[in-house]
Amino acid sequence: MITIIDYGLGNIRAFINVYDRLNIETKVAKTAEDIAGSTKIILPGVGSFDYAMSLLNHSGMRDELEKQVFDNKIPIMGICVGMQILARSSDEGQLPGLGWIDGNVRLFDSTTIPYKTRLPHMGWNSINPRNSIGLLNGFNNESKFYFLHSYYFECENKDHIIATTDYGMKYASAVKKDNIWGVQFHPEKSHGNGVRLLQNFSNL
Amino acid sequence: MLYPRIIPCLLVHKNGLVKTTKFKEPKYVGDPINAVKIFNEKEVDELIVIDIDASRNNLEPDYKMIQNLATECRMPLCYGGGIKTVEQARRIFSLGVEKIAISSLAVEKPAVITEIAKRVGNQSVVVIMDVRKNILGGKYEICIHNGTKSTGVDPVQFAMEMEKLGTGEIVINSIDQDGMMKGYDMNLINKIREVISIPLTVMGGAGTTDDIGNVIQEHGIIGVAAGSLFVFKGKFRAVLINYPTSNEKAALVEKYFLKKWIQKTCK
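Residues numbered from 1 in each chain as written. Chains lettered and ligands numbered in written order. Predicted model: local features only at pLDDT ≥ 70, side-chain atom pairs only at ≥ 80, totals over all residues.

Our focus in this paragraph is the overall build of chain A. When helices and strands are tallied, chain A shows six helices and 13 strands. The C-alpha atoms of chain A give 16 Å as radius of gyration, which agrees with the globular expectation for 204 residues (17 Å, within 12%). C-alpha extents for chain A along the principal axes are approximately 50 × 35 × 30 Å. When burial is assessed residue by residue, chain A has 55% of its 204 residues classed as buried. By sequence separation, contacts in chain A at least 24 residues apart represent 69% of the contacts at least 6 residues apart. (Helix = DSSP H or I, 4+ residues; strand = E, 2+ residues; numbered from the N terminus. Rg over C-alpha atoms; globule rule 2.2 N^0.38 Å. Buried ≥ 20, exposed ≤ 12 C-beta atoms within 10 Å, placed from the backbone. Contact = placed C-beta atoms within 7 Å.)

Spelled out as structure tokens, the structure:
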């Protein structure tokens, strides 16, 4: 059973559809009570950093979420801005992030990007997994996913980076610390590779 | 390595899917959800869906339809049509759309672009410029309300202004080339590409995948969208939803993109 946090951001239905096709049960959580008893949690996100944080802070779910993640060690995966809010802060906003993984979210230095049109980083790009295990089981450095963002997660501890992507620089496109995962790309919109990654998450 | 994007664009009119010629003569080509299902199987890079009635008839966006589309789409979806306020934009995102496209409103109330971008992030705000070449002066100008209203606004200046206001992507839609299937307006594309540093997607005129290839060869990382090419087949324009297979796409990318661009962009 995968619990998908509905705090008003991101494509909840797209995750449900993928899991329906995989015959994996899902549950949409809108309140703290909905989160209790979760075995896997997805924190989706499309939007700006402060908007995401303020929605999550006002959702009434944050305390229960932290209880599940830190006391019960339930695996959780943040997607796109849902990954970025795992950091302490972001160049995009003023609000503090969740601070679950050490790092800050930075704006790409567009002068290093060798294309005429630079930001946002938009489209299909490949990842370089450190190991093809766990969440990234079955992927290699030719596996492509859909990206849509202008800010990236600057991870303080290199051990927390499980995949990088090249966009003018190598940056962390997937991170992991203990039972907390984050991916910058959109697996729910990345066709077969995305389906596989969401299945991998369910298998963790 | 980032790749150019090849994007089908679908037009919705009276709940059905249509394809226009120069923004006129909408020809019924099928059911939107059915088309999305086919494009899922074909693993398209992205999808653009535009409701061509909403702005012209001053209607609210059809949220039920948008939700149905977003639910079905296994690829990123950009929706446009009838968006007038930040609140409408927010609601459309909550239905699971990755990008929203704004056209008439961007001309009429450009400041709203900044408001929406602050809320949803620049990356998700797309401005579509419907561009026509003025028959008298030969100058390009932006038209709104689905091509029915000329504005006299110069698309080059406008694109620069939109970038400043926080737009994440510009789409050029050439009214003159729409449905003609005779190739893109390369001159117009070059002019806009020169002046912006946000992603650009071009639309209007694709008759073959080589037309798409030509744009990619010229511009590298770019979005190339097409309507007729992906809904019609053959010279009698029989309706058939289609898209290059992964092998065909790889060959296209190899021929027009990798050969020319990869040494340039990779260190």
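Here the narrative resumes.
In this section: helix H5 (residues 111-120) of chain B. Residues and elements named next belong to chain B. All buried positions along H5 are accounted for by Ile113, Ile116, Ala117 and Val120. Seen along its axis, H5 keeps its buried residues to an arc of 100°; they face one direction. Those residues of H5 that are buried are in contact with helix H3 (86-94), strand E6 (99-102), helix H4 (104-108), strand E7 (125-133) and helix H6 (155-165). Within two residues after H5, Gly121 carries a phi angle of roughly 90°, on the positive side. (Arc of directions from axis to C-beta.)

Time to look at the pairing of strand E3 (residues 24-30) of chain B. All names here are of chain B. Bridge analysis of strand E2 (residues 16-21) against E3 gives four bridges, and the strand direction is antiparallel. By the bridge assignment for E3, Lys19 is matched with Lys27. Hairpin connection, E2 to E3: the antiparallel pair is bridged by two residues, and Lys22 has positive phi, about 50°. (Pairing = 2+ DSSP bridges.)

The subject of this paragraph is the interface of chain B and chain A. Facing 33 residues of chain B, the contacting portion of chain A comprises 31 residues. When residues of the side of chain B that touches chain A are traced back to their parent elements, those giving at least two are helix H2 (63-72), H3 and H5 of chain B. Looking at the side of chain B that touches chain A element by element, the count peaks at three residues for H5 of chain B. Partitioning the side of chain B that touches chain A into residue classes produces 13 nonpolar, 11 polar and nine charged. (Nonpolar A, V, L, I, M, F, W, Y, C, P; charged D, E, K, R; others polar.)

Counting 155 residues, the largest nonpolar core has Leu47, Ile100, Ala101, Met129, Ile170, Ile172 and Val202 of chain B as the members making the most contacts within it. Among all residues touching Val202 of chain B, those that are not within four sequence positions of it are Ile172, Tyr184, Ile189, Val215, Ile222, Val224 and Ala225 of chain B. (Core = buried A, V, L, I, M, F, W, Y, C linked by C-beta atoms within 7 Å.)

Moving on, we get to the packing of helix H1 (residues 32-41) of chain B against H2 of chain B. Residues and elements named next belong to chain B. H2 packs onto H1 with a crossing angle of 15° between their chain directions and a minimal axis gap of 9 Å. In terms of orientation, H1 and H2 fall into the roughly parallel class. When you trace H1 past H2, the crossing you get is right-handed. Residues Pro32, Ile33, Val36 and Lys37 of H1 form the contact with H2, whose participating residues are Asn68, Leu69 and Glu72. Partitioning the contact of H1 with H2 into residue classes produces four nonpolar, one polar and two charged. (Axes fitted to C-alpha atoms, helices over the stretch in contact; angles between N-to-C directions. Parallel < 35°, antiparallel > 145°, perpendicular 65-115°, else oblique. Left-handed = near helix turned anticlockwise from the far one by under 90°.)

With that settled, consider the environment of Ile48 of chain B. Residues and elements named next belong to chain B. By the element assignment, Ile48 lies in strand E4 (residues 47-51). In this structure Ile48 comes out as buried when scored by C-beta crowding, with 25 C-beta atoms within 10 Å. Residues Ile48 and Leu77, 29 residues apart in the sequence, show an inter-C-alpha distance of 6.0 Å. Residues within four places of Ile48 in sequence aside, it is in contact with Ile7, Cys9, Cys78, Ala101 and Ala225.

Moving on to the pairing of strand E7 (residues 121-126) of chain A. Residue and element names in this part refer to chain A. Most of E7 is tucked away: five of the six residues are buried. By the bridge criterion, six bridges tie E7 to strand E9 (residues 144-149) in an arrangement that is antiparallel. Paired with Ser126 across the bridge in E9 is Lys144.

Axis angle and axis distance: for two packed helices, these are the angle between their axes and the distance between the axes, and together they describe the pair. Residue and element names in this part refer to chain B. Where H3 meets H5, the axes come as close as 9 Å, and the angle between the chain directions of the two elements is 35°. The hand of the H3/H5 crossing is right-handed. Each of Val86, Ala89, Arg90 and Phe93 in H3 lies in contact with H5, whose residues at this interface are Val112, Glu115, Ile116, Arg119 and Val120. Class assignment of the residues belonging to the contact of H3 with H5 gives a composition of six nonpolar, no polar and three charged.

Across the junction of Leu119 of chain A and Pro120 of chain A, the peptide omega takes the value 0°, indicating a cis bond. Located in the positive-phi region is Lys73 of chain A, a residue other than glycine, with phi close to 55°. Take Lys73 of chain A: it is sitting in the loop between helix H4 (62-71) and strand E4 (76-79). When the 11 C-beta atoms within 10 Å are taken as the criterion, Lys73 of chain A is described as exposed. With phi around 55°, Arg237 of chain B is a residue other than glycine that occupies positive phi space. The topology assignment puts Arg237 of chain B in the loop between strand E13 (232-233) and strand E14 (238-239).

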